Amino acid sequence: MMTAALISNKPEFVKLFLEHGVRLKELVTWDSLLYLYKNLDPSCLFHCKLQKVLAEEPERLACAPAAPRVQMHHVAQVLRELLGDSTQLLYPRPQTSDRPRLTLPVPHIKLNVQGVSLRSLYKHSSGHVAFTMDPVRDLLIWAIVQNRRELAEIIWDQSQDCIAAALACTKILKELSKEEQDTDSSEEMLALADEYEHRAIGVFTECYRKDEERAQKLLIRVSEAWGKTTCLQLALEAKDMKFVSHGGIQAFLTKVWWGHLCVDNGLWRVILCMLAFPLLYTDLTSFRERRLQAVRGLPRIRAFFTAPVVIFHLNILWYFVFLCLFAYVLMVDFQTTPSCCEYLLYFWLFSLVCEELRQLFYDPAGCGLRKTVFMYFSDFWNKLDIAAILLFIAGLTCRLIPALLYSGRVILSLDFIMFCLRLMHIFTISKTLGPKIIIMKRMMKDVFFFLFLLAVWVVSFGVAKQAILIHNESRVDWIFRGVVYQSYLTIFGEIPAYIDGVNFSLDHCSPNGTDPYKPKCPESDATRQAPAFPQWLTVILLCLYLLFANILLLNLLIAMFNYTFQQVQEHTDQIWKFQRHDLIEEYHSRPPAPPPFILLSHLHLFIRRVVLKIPAKRHKQLKNKLEKNEEAALLAWEIYLKENYLQNQQCQRTQRPEQKIQDISNKVDTMVDLLEMERVKRSGSMEQRLASLEEQVAQMAGALHWMVKTLRDGGFGLEEGVPTLAPQKASEGQDPELDGRQKAEDPGDAHHVNARHLLYPSSRVMRFPVPNEKVPWETEFLIYDPPFYTAERKDKDTVDPVGSTLEPLSGISYNALDGPVDRRSSHGPYAVRDGLPRNPMGRTGLWGRGDLTYFGPNHTLQPVVTRWRRNQDGAICRKSIKKMLEVLVVKRPLSEHWALPGGSREPGETLPRKLKQVLRREFWPSFESLLTQGVEVYKGYVDDPRNTDNAWIETVAVSIHFPDQSDVELKRLNSHLQPCDPGMSVRWQVVDKCIPLYANHKTILQKVATLFGAYY
């Protein structure tokens, strides 16, 4: 049942099961989890990704089975793509040996929940009973990948490693939203990801308030359940900037940044100790550990120079020295033969290359060479370093060749620019400059896309100008200058010299284009004294170009910059805090010595790793694997604070004004229901007493009648003055108002009411007013002059002709079968005057056919399908001692009332059109047999607003009643109820006098209730 509730997405059932003692750890086995993934929603994106993995599997291609078999290692591959390379596979690939299977008997149970049967669950869960590492984690992932919000929330509440679970959910949802084609689903995933990020922040805030040191342990604890990653790494992979910018996490990063030093040390103290390390023997700087604070020897110096903040500033200092040396060599000491300064520069660069190689192959976590290289090149600044080094090698190669000495210097000069740009990465640690660099990077993207728009105007104007001014220019360099270079400079105010002919002179150009240092002269006349090109055209082109390029496009670029600045400025602090981690992690793992002295550290590292085979140690400050007992205690503490967080959230929700209003509304509704039940109980008791009293009076009347008759037959008393006693009807006297309404709504009433409403339905036609006494045709009504109205309908072939003339109607045979149309009335023959039939119930105030199909009677069929209303235990509900009915009703689009599923029928058809619209075609023959077995409760005239003097509706109401709830035909009927129109509704409605039905349908329904002695 629990598995069926999970698959069919029934969070209420899952919550109920958990409240009644169902344990997820005992429920989720390896096979049950596999069965859940085999029954994924086919429309979810994760199912599509899983099918792609199955299609690409080599084993599947070799075996080519008929149907793909999902295994948990396939699921693990997809999850690895979603969670990132920092996590290991959550479900390992099974061994080649087959696992033993258990055979359990399958119970014969046919309980279905949304198409999932218990029998199939037993089949799939009876084999392998080994439990997974973390069943709550497995169910949470299964719910998250299908974007089931409520189900995932219930399961997350049961999780142990809740912060890591919430961060993993954000990562999965963000990755799925990138590939989701449906915009609404993508937005829902992002909203759910944001919700889980807030949950992680909330739980971590509770932990940090309680104990800062324990909370920071949660950040760097290696989670076995989530692929041996940490909460901090998951947050970085998911780009959860709000989480990373949390004060507790930033305090932890600051602690790592300062190493063994106290974070309250001033930066100037650190720089002084860097420049003069003997100052470390004084109390100028303070350390966090008392041991280091007390000693004055080598451990103090080592703790100082291994702090990331010291390593960072040392590298900055020596990097500036490197740039100064580079600039000096380029501008002052670049000889044919390399000098000592130049050799020092090469040696320095070699140390930089060694450091980049160390970063490239640095893998303390054992992720593998491929993953390490991929992570290295995913950083923009590493790409810039590689490009600068390769460009330096190219310049050095050219510099060592005497013929390419100058080319080498040019390449090295360009390379110097790239090394200077590397300083921007160093400045990202600054809280002032870091955000500005982020804004610059975003603006560079804007400029890149803006250049596409600018290139359209620059090239179009440049080509047109060049073609108009210059004839057959063959030099490529001057073509580029005329088309691109001059057009680009025009934006900044440098107007071309020959654009208007005012400065036309042949002294500054080459007539035939033979001078390589002069442009070719523009088109001129035969004397070569005046320009021959259309000056007015070139001036207009220049003005248009400046208008669009200089005014429109440049202002567009400024607006783009302004939007980017405002957008980034709002989240600059979060973005800077998020990117600050990368720099801290880089210098945390970097050797303490700066280049070029870093070669000593590389030599030491080479001896330890290659010669002595000593494995790399994991830095415990960023990733720490705890002992089992310590980890269990830490997780228990986290669960306790998670419960506090959930309780606080619940209290906050209850304190919200919206929730208070909702609670008050629920309480008022409950009170109203209780009062209504009390009123019903009292009225029911009163009605029972009145019914009993009425029955006793009827018995007394019968006894008196018998006594009077007996005395009269015995000769006692006279015949004159004997009272006439008649038994009263049980239905009379109960409700005079109801009796009056019933008499007014009786279909057989001689004075129709609805058919005399002044405004005809679905039109603007007004009827001629007809008083009650003038309704019968026998009553003289001299001023009676009703309008003629016949509506035009789309189905012209199946309706009587339109028009006020009688010629098209001459072929109609009234009071007889007119072809497939039955024009006979159930009230007997009706009068026909002037070629038109007369309504047997009298005047309506309107001539013509109106909105009906035929002149004369329009026959309809009203099937009244009923069943007994039952409570949860299957007993028939009662009200005022009488049983309660339910009737099948339908509702058309844009209609306020429900109606019986009947109406007009096509010629030769048995079922009404309205009934066919809510029943499937395969059930039509069965319903026809039900109609033949039904009871006719009424046949005759219907007081309908569409009736006219010449057209009216007559109906046959047939009762179809299902007394047994297990009736096969009733079940088939319910299974075949399916409206063809999405706007049409069909349901079972409780029979009551307040039922929202049409008036004439209410009257028919009342007769059915009377037939079965049911409540109405």
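To be clear, the structure that these remarks concern was listed above.
Source: prediction; values computed, not measured. (Residues numbered from 1 in each chain as written. Predicted model: local features only at pLDDT ≥ 70, side-chain atom pairs only at ≥ 80, totals over all residues. Heavy atoms only, no water.)

## Observations regarding a nonpolar patch on the surface
- A cluster of nonpolar side chains, Leu603, Phe606, Ile607, Val610, Val611 and Leu612, forms an exposed patch at the surface whose accessible area comes to about 550 Å².
- On the secondary structure map, Leu603 appears in helix H30 (residues 598-611). (Patch = residues over 30% accessible without salt bridge, like charges linked within 9 Å, V, L, I, M, F, W, Y side chains within 5 Å. Areas by Shrake-Rupley, 256 points an atom, 1.4 Å probe, with all protein chains shown as cover. Salt bridge = Lys/Arg side-chain N within 4 Å of Asp/Glu carboxyl O. Helix = DSSP H or I, 4+ residues; strand = E, 2+ residues; numbered from the N terminus.)

## Here's the deal with unusual backbone geometry
- The linkage connecting Pro595 with the following residue, Pro596, adopts the cis geometry, with an omega of 5 degrees.
- You can see Pro596 is positioned in the loop between helix H29 (572-588) and H30.
- Positive phi, normally seen in glycine, also occurs at Asn472, with a value near 55 degrees.
- Looking at the secondary structure, you find Asn472 in the loop between helix H26 (433-469) and helix H27 (476-491).
- Asn472 gets classed as exposed once you look at its relative accessible area, which sits at 59%.
- Phi at Asn815 takes a positive value of approximately 60 degrees, unusual for a residue other than glycine.
- With respect to the helices and strands, the residue Asn815 is situated in the loop between strand S3 (788-790) and strand S4 (817-818). (Buried < 20%, exposed > 50% of the residue type's maximum accessible area, 1.4 Å probe, protein only.)

## So, helix H4 (residues 30-38)
- Across the nine residues that make up H4, a large majority, seven, are buried.
- Looking only at H4, the buried set comprises Asp31, Ser32, Leu33, Leu34, Tyr35, Leu36 and Tyr37.

## A closer look at the packing of aromatic side chains
- Inspection of every chain in the model, using the stated rule, returns 32 aromatic pairs.
- Ring geometry for Tyr37 and Phe46: centres 6.1 Å apart, planes at 45 degrees, overall tilted. Neither residue differs from the other here; Tyr37 and Phe46 are each classed as buried.
- Each member of the aromatic cluster is reached from another via a ring pair, and the members are Trp318, Tyr319, Phe322, Phe326, Tyr343, Tyr346, Trp348, Phe392, Phe416, Phe419 and Phe597. (Phe/Tyr/Trp six-rings, centres within 6.5 Å; stacked < 30°, edge-to-face > 60°.)

## Quick word on the nonpolar core
- By size, the foremost hydrophobic cluster in this structure holds 136 residues, and its most contacted members are Phe46, Ile163, Phe243, Phe304, Val310 and Phe419.
- Among the elements that take part in this core, helix H20 (residues 308-331) stands out by supplying 13 residues, more than any other.
- If we ignore the near neighbours within four places in the chain, the residues touching Phe419 are Tyr319, Phe322, Leu323, Phe326, Leu349, Leu352, Ala388 and Phe392.
- With 22 residues, the next largest nonpolar core counts Val918, Trp924, Val956 and Val958 among its residues. (Core = buried A, V, L, I, M, F, W, Y, C linked by side-chain atoms within 4.5 Å. Contact = heavy atoms within 4.5 Å.)

## Overview of the state of the cysteines
- According to the stated counting rule, one finds one disulfide in the structure shown.
- Shown here is the disulfide that connects Cys509 with Cys521, its sulfur atoms set 2.0 Å apart. On the sign convention where negative is left-handed, the bridge of Cys509 and Cys521, at about 95 degrees about the S-S bond, is right-handed. One end of the pair, Cys509, is in the loop between H27 and helix H28 (535-570); the other, Cys521, is in the loop between H27 and H28, with twelve residues separating them in the sequence. Take Cys509 and Cys521: they sit in the same class, and that class is buried.
- Residue Cys341 stays outside any disulfide, its sulfur separated by 6.9 Å from that of Cys340, the closest cysteine. (Disulfide = S-S within 2.5 Å.)

## A look at the pairing of strand S12 (residues 885-891)
- For S12, the tally of buried residues reaches six of seven residues, placing the bulk of the element in the interior.
- Direction of pairing for strand S9 (residues 856-868) relative to S12: antiparallel, over a ladder of three bridges. By the bridge assignment for S12, Trp868 is matched with Leu885.
- The sheet contact formed by S12 and strand S16 (residues 985-990) spans six bridges and is antiparallel. (Pairing = 2+ DSSP bridges.)

## Overview of helix H12 (residues 183-210)
- Taking 1.5 Å of rise per residue, 28 residues should cover 40 Å, and H12 covers 41 Å from first to last C-alpha, within 8% of that figure.
- Where H12 starts, the residue carrying a side-chain oxygen 3.4 Å from the main-chain nitrogen of Asp184 turns out to be Asp182. (Expected span 1.5 Å × (residues − 1). Polar contact = N/O pair within 3.5 Å; in protein donor to acceptor, adjacent residues only side chain to side chain.)

## Structural notes on the packing of H26 against H28
- Packing of H26 against H28 leaves a shortest axis separation of 9 Å and a crossing angle of 175 degrees. Considering the angle they form, H26 stands roughly antiparallel to H28. (Axes fitted to C-alpha atoms, helices over the stretch in contact; angles between N-to-C directions. Parallel < 35°, antiparallel > 145°, perpendicular 65-115°, else oblique.)

## A few points about the pattern of salt bridges
- For the coordinates displayed, the defined rule picks out 29 salt bridges.
- For Arg221, the salt bridge identified is with Glu631, shortest N-O distance 2.6 Å. Highlighted residues: Arg221 in the loop between helix H13 (212-220) and helix H14 (231-238) and Glu631 in helix H31 (residues 628-655), separated in sequence by 410 residues.
- Owing to a relative accessible area of 16%, Glu631 belongs among the buried residues under this scheme.
- Its salt-bridge partner being Asp800, residue Arg823 comes within 3.0 Å of it at the nearest N-O pair. Here Arg823, found in the loop between strand S5 (821-822) and strand S6 (832-833), pairs with Asp800, found in the loop between S3 and S4; they are 23 residues apart in sequence, far enough to count as distant.
- The exposure class of Asp800 is buried, given its relative accessible area of 6%.
- Counted as one network, the salt bridges with shared partners bring together Arg149, Glu153, Glu195 and Arg199.

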